[in-house]
Amino acid sequence: MSEMTTGWATLQIETERLILRRYEERDVGDILEYSREADFWLARSLDWTLTSDSVRAYFEAQRDQKPEAFPQWMNLMMELKSEQKVIGCVGIGVTNKEQGQASIGWMLSCSYQGLGLATEAAQALLEFGFGSMGLHRIFARTGKANTRSWLLMERLGMRREAHFHESDKVRDEWADEFVYAILAHEWKRIGAGEGIS
């Protein structure tokens, strides 16, 4: 994995090509841009509508979340260093504080897919979750038809733990869903992402 630096106070995680950081007002235009071009699987899970006011309301509500408080969900902007542009977001949410369980998710602009950027961001977030937050298990969910997403989960070393048949209705049709997960000791054993491409 690339060299990663993390700042608790500012909640900024830096990788080789990305800065994962809190939302800033200047990000609204970039968020709208990558949200508008999102593929179907990502667009259907947006927690904001495609307006500046909705983006501001959603992300400003999360700006002061503290990881040490084990938030239910906390998004970080994925800023591409070379362009100083937000190209997506990655998030983590604690589902069971006592047992150290959390979920992660990501959304990346279609224009930047296929470059390993989502993998780089997700690796950094897994390392943050296990290393800094002290989590025991991190999982992710995706539709069976969202091949890019579940292949990314497999590249991260996550294992498929569940296949829910017709568990989600998409455009009036039932769709299957996969759940992938990884444990802290498994993440440590694969060298916190060493060798993942």
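Worth saying up front: this structure is predicted, and the values here are computed from it rather than measured. (Residues numbered from 1 in each chain as written. Predicted model: local features only at pLDDT ≥ 70, side-chain atom pairs only at ≥ 80, totals over all residues. Heavy atoms only, no water.)

**Student:** Help me out: how do you make sense of the confidence of the model for the chain in this one?
**Tutor:** A low pLDDT score tells you not to read the predicted coordinates there in detail. Across the chain, the average pLDDT comes to 84, with 83% of residues at 70 or higher. Here strand β1 (residues 5-7) stands out as the least confident element of the chain, with mean pLDDT 48; strand β3 (residues 18-21) is the most confident, with 95. Across residues 1-5 the pLDDT falls below 50, and counting only partners more than four positions away or on other chains, this stretch makes 20 contacts in the model. (pLDDT = per-residue confidence, 0-100. Helix = DSSP H or I, 4+ residues; strand = E, 2+ residues; numbered from the N terminus. Contact = heavy atoms within 4.5 Å.)

**Student:** Is there a simple way to think about the nonpolar core in this case?
**Tutor:** Most often, soluble globular proteins keep nonpolar side chains buried together rather than apart. L20, I92 and W106 are the most contacted members of the largest nonpolar core, which has 39 residues in total. For this core, the secondary structure elements donating two or more residues are β3, β4 (74-80), β5 (85-96), β6 (101-108), α4 (117-132), β7 (137-143), α5 (147-155) and β9 (173-183). Sort the elements by how many residues they give to this core and α4 lands first, with nine residues. What I92 contacts, discounting residues up to four positions off in sequence, is W73, M74, A102, S103, I104, L125, G129, M133, L135 and I138. Core analysis: the next-biggest nonpolar cluster, separate from the first, contains twelve residues, Y23, V55, M77 and M107 among them. (Core = buried A, V, L, I, M, F, W, Y, C linked by side-chain atoms within 4.5 Å. Buried < 20%, exposed > 50% of the residue type's maximum accessible area, 1.4 Å probe, protein only.)

**Student:** What is the right way to read the packing of aromatic side chains from this model?
**Tutor:** Ring pairs (aromatic) are described by centroid distance and by the angle formed between their planes. Tallying each qualifying case throughout the model produces four aromatic pairs. Consider the rings of Y58 and F59, whose centres lie 4.9 Å apart with planes at 90°: the pair is edge-to-face. Taking the relative accessible area as the measure of exposure, F59 reaches 2% and is therefore buried. The interplanar angle of 80° and the centroid separation of 5.7 Å between the aromatic rings of W150 and F178 together place this pair among those described as edge-to-face. Within this pair, whereas W150 is found in helix α5, its partner F178 is found in strand β9, the two being separated by 28 residues in sequence. When its relative accessible area of 17% is taken as the criterion, W150 is described as buried. Clustering of aromatic rings is evident, with ring pairs tying together Y23, Y58 and F59. One Lys or Arg, R160, reaches over the ring of W150 and ends 5.0 Å from the middle of that ring. (Phe/Tyr/Trp six-rings, centres within 6.5 Å; stacked < 30°, edge-to-face > 60°. Lys NZ or Arg CZ within 6 Å of the ring centre and 35° of its normal.)

**Student:** Explain the side chain of E79 to me, please; I cannot follow it from the model alone.
**Tutor:** Relative to the elements of secondary structure, E79 occurs in strand β4. At 2.7 Å, the side chain of E79 and the side chain of R21 are in polar contact. Non-local contacts of E79, meaning those with residues more than four positions away in its chain, are made with R17, L18, I19, R21, R26, Q84, K85 and V86. (Polar contact = N/O pair within 3.5 Å; in protein donor to acceptor, adjacent residues only side chain to side chain.)

**Student:** Sorry, what's going on with the pairing of β5 here?
**Tutor:** Regular strands have side chains that alternate between both faces of the sheet. In terms of burial, β5 is largely enclosed, as ten of its twelve residues are buried. As defined by bridge partners, β4 adjoins β5 across seven bridges and the pair is classed as antiparallel. Within β5, the residue paired with E79 across the bridge is V86. Hairpin geometry of β4 and β5 is characterised by an intervening segment of four residues between the two adjacent antiparallel strands and by a positive phi of about 50° at Q84. Note that β5 and β6 share eight bridges and pair antiparallel. (Pairing = 2+ DSSP bridges.)

**Student:** It is not clear to me how unusual backbone geometry should be interpreted in this structure. Could you clarify?
**Tutor:** Positive phi values are uncommon outside glycine, yet Q84 reaches one of about 50°. If you check the backbone angles, E166 has positive phi at about 45° while not being a glycine. On the secondary structure map, E166 appears in strand β8 (residues 159-170).

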